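As a plain string of letters, each chain reads:
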Amino acid sequence: MDRVMIPPRDGPCLALLDCSGIQDYVFGSNRLADNVGASYLVEAALNATLEAALVATLGQGAIAASWRTATALALDPRSSEGAVRAEVLYVGGGNAVVLFAEAGQARAVLADLGRRLLERSPGLRVAASLVPWAPGGLKEALKEARRDLGRRKLADTRRLTPFSHPVVETCRVAGLPAACERDDFGRTVRLSSLAAARRDARGRGDRRLRGTFDHLLGEAYDFPSELEQLGQRAGESHIAVVHADGDGLGLKLREIIEAAQDDQEVAAGARAFALRVEGGASRALQRLVETLLARLHGLEEHSGIEARFSSAGTLRLLPMRPIVYGGDDVTFVCDGRLGIQLAALFLEDFAEETEGLTACAGVAIVGSHFPFSRAYRLAEELCRSAKKARRDPGAGEGSWLDFHITFGGVSNSIEAIRQQDYGGTLLRRPWRVTPDRQTTRDLSWLLKMFKHLSHSEPWSRSRLRALRDALEQGPEASARLLRRLESRQATLGALAQGLRGWFDGRVSPLYDVLEAFEFLSPVLRPDFDRSPELALGGGAP
């Protein structure tokens, strides 16, 4: 526990806790098992571990009922007869807010929480701000806590990882001083306390994941534990790392709190919103797994994706695995041929299940042996690119998606890569997922064009490659090729009538289709025709 603001006097107070550096903590290893364990430790920090610190310090009877089931505040520090001494206001978005009847008890709880985190989750940083709270002033106390925590985080210049002495053996996973030994597939490895904690938590992470989806998986299916088990065939080793993040949810929560008239309305509004996000994201991910289960046979039959068996040979492994989930920040990994469409399905379901909230996603499609931590950072950068497109004038907000496919390494930013490899203008990306406005800016256009080209007999693989090469040469070269192909019945159809592969001579939505062609499946989205035929709309949003 670090960066704690101590209230100037004793009395009722509010504690705002914030997990920082979550992504670095979870994805600091290239092993999926380590990422799974670290994700569990992050989720537990402000839930099970915080609850354990509260109970151990104050006693079970002094803690209010779970915030998930109570809308009204139970803590009233003005009442000397009140048994409740602490109450969790809400948990969400990497934050937790706890109300205390006395600042001294708050400090004791935070000290116990800090010890527990050092023991169970070494390396995970939880910042805290402790501010006075007078009943009736909950809204102002929350504002002050956010301001104070923001100042302290901004001013913190300490290194996340300290230097180690040259005589200390270094952990090969985390780059920190080795502190213990663990068995690693029959050989002994020396790990830092951080790496060991991640690895030791893998079993708990597996059980949490299984518990969340057990009603869908039953006794027939499970999630893979290694990246090599995601359904790839020999020679087709691409995986997709998908990172999705809610849009402006912190601002929406602050608006709800600001509109509240008293403490009870603050509590009710904050809790309802946190549950809306948490429940909606969870249901959206479950719907994604349901869709995958329903399409699994077709994916095996027509797309060559293999649902392998577990090591015991009893359970079939789905070609995807959630890593970070339980809130609006969701990361999962899957077979490379499923990433774009699964990401789009999740964004659609998230908007529906959260009653209109939106999220954006980045999809990094990389080789199975590409450094996983770097693949995640690429997906995170692509998600930021999608959010930037969402904020463009006239974009109309909604949910957006960006993707990148690499067959080698990635050493530059995605912006630099696109400037260097695509001239900065060739690609249409990012794509809007919701709402679908039936233009060449919407992902539905890309999927329908993929369907047209993959089901049209004149469009052989060699002609598709020739068209992609021509698009790279520019509008004139692609127009000449398309005129020749049209005489042989290879047309782009009504979707691209008069488009000639380009829009305004600068960007080519068709190029995105061709580059993603081998990473899309007609089986996963057989409902391409659920909406009216798409119009070009000049590419306008």
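Before reading further, recall that the structure is shown in the block above.
Let us look at the structure shown here. (Residues numbered from 1 in each chain as written. Predicted model: local features only at pLDDT ≥ 70, side-chain atom pairs only at ≥ 80, totals over all residues. Heavy atoms only, no water.)

### Here's the deal with the packing of helix 2 (residues 32-58) against helix 6 (residues 202-217)
Part 1 of the reasoning: At their nearest, the axes of helix 2 and helix 6 sit 7 Å apart, and the two run at 75° to each other. Regarding the angle of helix 2 to helix 6, the classification is roughly perpendicular. Within the contact between the two elements, helix 2 uses Ala-33, Val-36, Gly-37, Ser-39, Tyr-40 and Glu-43 and helix 6 uses Arg-202, Arg-204, Gly-205, Asp-206 and Arg-208.
Part 2 of the reasoning: Split into classes, the residues belonging to the contact of helix 2 with helix 6 amount to three nonpolar, three polar and five charged. (Axes fitted to C-alpha atoms, helices over the stretch in contact; angles between N-to-C directions. Helix = DSSP H or I, 4+ residues; strand = E, 2+ residues; numbered from the N terminus. Parallel < 35°, antiparallel > 145°, perpendicular 65-115°, else oblique. Contact = heavy atoms within 4.5 Å. Nonpolar A, V, L, I, M, F, W, Y, C, P; charged D, E, K, R; others polar.)

### Points about the sheet that holds strand 2 (residues 86-92)
Part 1 of the reasoning: Across the sheet, which stays open at both edges, the four strands sit in the order 2-3-1-4 with antiparallel pairing between neighbours. Edge positions in the sheet fall to strand 2 and strand 4 (125-132), since each of these pairs with one other strand and no more. Adjacent strand axes in the sheet meet at a mean angle of 15°, parallel and antiparallel pairs treated alike.
Part 2 of the reasoning: When strand 1 (residues 13-20) meets strand 3 (residues 95-100), the two strands line up antiparallel, connected through six bridges. Bridging across to strand 3, Leu-17 finds its partner in Ala-96. (Pairing = 2+ DSSP bridges.)

### Overview of the packing of helix 2 against helix 3 (residues 103-120)
Part 1 of the reasoning: Running from N to C, helix 2 and helix 3 cross one another at 135°; their axes reach a closest spacing of 9 Å. Of the possible angle classes, the one that applies to helix 2 and helix 3 is oblique. As for how helix 2 packs across helix 3, the hand of that crossing is right-handed. Residues Leu-41, Ala-45, Thr-49, Leu-50, Ala-52, Ala-53, Leu-54, Ala-56, Thr-57 and Leu-58 of helix 2 form the contact with helix 3, whose own contacting residues are Gln-105, Ala-108, Val-109, Asp-112, Leu-113, Arg-116, Leu-117 and Arg-120.
Part 2 of the reasoning: Its residues assigned to classes, the contact of helix 2 with helix 3 comprises 12 nonpolar, three polar and three charged. (Left-handed = near helix turned anticlockwise from the far one by under 90°.)

### A word on the side chain of Arg-432
Part 1 of the reasoning: Assignment of secondary structure puts Arg-432 in strand 14 (residues 431-434).
Part 2 of the reasoning: A polar side-chain atom of Arg-432 sits 2.8 Å from a polar atom in the side chain of Asp-442. (Polar contact = N/O pair within 3.5 Å; in protein donor to acceptor, adjacent residues only side chain to side chain.)

### A few points about helix 8 (residues 263-302)
Part 1 of the reasoning: Given a rise of 1.5 Å per residue, 40 residues ought to cover 58 Å, and the 57 Å separating the end C-alpha atoms of helix 8 matches this to within 8%.
Part 2 of the reasoning: The largest bend along helix 8 measures about 50° and falls at Arg-295.
Part 3 of the reasoning: The N-terminus of helix 8 is capped by Asp-262, whose side-chain oxygen sits 3.2 Å from the backbone nitrogen of Gln-264.
Part 4 of the reasoning: Looking one or two places after helix 8, you find Gly-304, whose phi comes out positive at around 70°. (Expected span 1.5 Å × (residues − 1). Bend = angle between axes of the 7 residues up to and from the residue.)

### As for the nonpolar core
Part 1 of the reasoning: Counting 169 residues, the largest nonpolar core has Leu-14, Phe-100 and Leu-453 as its most contacted members.
Part 2 of the reasoning: Looking at which element gives the most residues to this core, the answer is helix 8, with 15 residues.
Part 3 of the reasoning: Aside from chain neighbours lying at most four places away, what touches Leu-14 is Val-97, Val-98, Leu-99, Ser-129, Leu-130, Val-131, Trp-133, Leu-138, Ala-141, Leu-142 and Ala-145. (Core = buried A, V, L, I, M, F, W, Y, C linked by side-chain atoms within 4.5 Å. Buried < 20%, exposed > 50% of the residue type's maximum accessible area, 1.4 Å probe, protein only.)

### A closer look at the pattern of salt bridges
Part 1 of the reasoning: Evaluation of the coordinates by the stated rule reveals 33 salt bridges.
Part 2 of the reasoning: Linking Asp-24 and Arg-377 is a salt bridge whose minimum nitrogen-to-oxygen distance equals 2.7 Å. Taken together, the residues Asp-24 in helix 1 (residues 22-26) and Arg-377 in helix 10 (residues 372-390) connect sequence positions 353 residues apart.
Part 3 of the reasoning: Relative accessible area serves as the criterion here: at 40%, Asp-24 is assigned to the partly exposed category.
Part 4 of the reasoning: Between Glu-278 and Arg-68 there is a salt bridge; the shortest N-O distance is 2.8 Å. Of this pair, Glu-278 sits in helix 8 while Arg-68 sits in the loop between helix 2 and strand 2; the two residues are 210 residues apart in sequence, bridging distant segments of the chain.
Part 5 of the reasoning: Salt bridges sharing common partners tie together Arg-283, Arg-287, Asp-349, Glu-352 and Glu-353. (Salt bridge = Lys/Arg side-chain N within 4 Å of Asp/Glu carboxyl O.)

### Quick word on the packing of aromatic side chains
Part 1 of the reasoning: Within the structure shown, the criterion is met by nine aromatic pairs.
Part 2 of the reasoning: When the centroid spacing of 3.8 Å and the interplanar angle of 10° are considered together, the rings of Phe-27 and Tyr-376 count as stacked. Taken together, the residues Phe-27 in the loop between helix 1 and helix 2 and Tyr-376 in helix 10 connect sequence positions 349 residues apart.
Part 3 of the reasoning: A residue is classified by how much of its surface remains accessible, and Tyr-376, at 1% relative accessible area, is buried.
Part 4 of the reasoning: An aromatic cluster is present here, built from Phe-27, Phe-372 and Tyr-376 joined pairwise through their rings.
Part 5 of the reasoning: Directly above the ring of Tyr-25 sits Arg-198, whose terminal nitrogen or CZ lies 5.4 Å from the centroid.
Part 6 of the reasoning: The side chain of Arg-208 reaches across the aromatic face of Tyr-325, ending 4.0 Å from its centre. (Phe/Tyr/Trp six-rings, centres within 6.5 Å; stacked < 30°, edge-to-face > 60°. Lys NZ or Arg CZ within 6 Å of the ring centre and 35° of its normal.)

### Quick notes on helix 13 (residues 461-473)
Part 1 of the reasoning: Here helix 13 is 13 residues long and its end C-alpha atoms lie 19 Å apart, about the 18 Å a rise of 1.5 Å per residue gives.
Part 2 of the reasoning: Of all the positions in helix 13, only Leu-464, Leu-467, Ala-470 and Leu-471 are classed as buried. Within helix 13, the buried residues cover an arc of 120° as seen down the axis, which keeps them to one side. Residues of helix 13 that are exposed and point more than 90 degrees away from the buried face comprise Arg-465 and Gln-473.
Part 3 of the reasoning: Among the structural elements, helix 12 (443-455), helix 14 (475-486) and helix 15 (509-515) are those in contact with the buried residues of helix 13.
Part 4 of the reasoning: Just beyond helix 13, the residue with positive phi is Gly-474, at close to 125°. (Arc of directions from axis to C-beta.)

### What about the sheet that holds strand 13 (residues 399-405)?
The pairing of strands in a sheet happens through backbone hydrogen bonds and is either parallel or antiparallel.
Part 1 of the reasoning: The strand order across the open sheet formed by six strands is 10-11-8-12-13-14, and the pairing between neighbours is mixed. Each edge of the sheet is formed by a strand with only one pairing partner; in this case those strands are strand 10 (320-324) and strand 14. Adjacent strand axes in the sheet meet at a mean angle of 25° when their direction is disregarded.
Part 2 of the reasoning: Across four bridges, strand 10 lies against strand 11 (residues 330-335) in antiparallel orientation. Bridge pairing links Arg-321 to Val-333 in strand 11.

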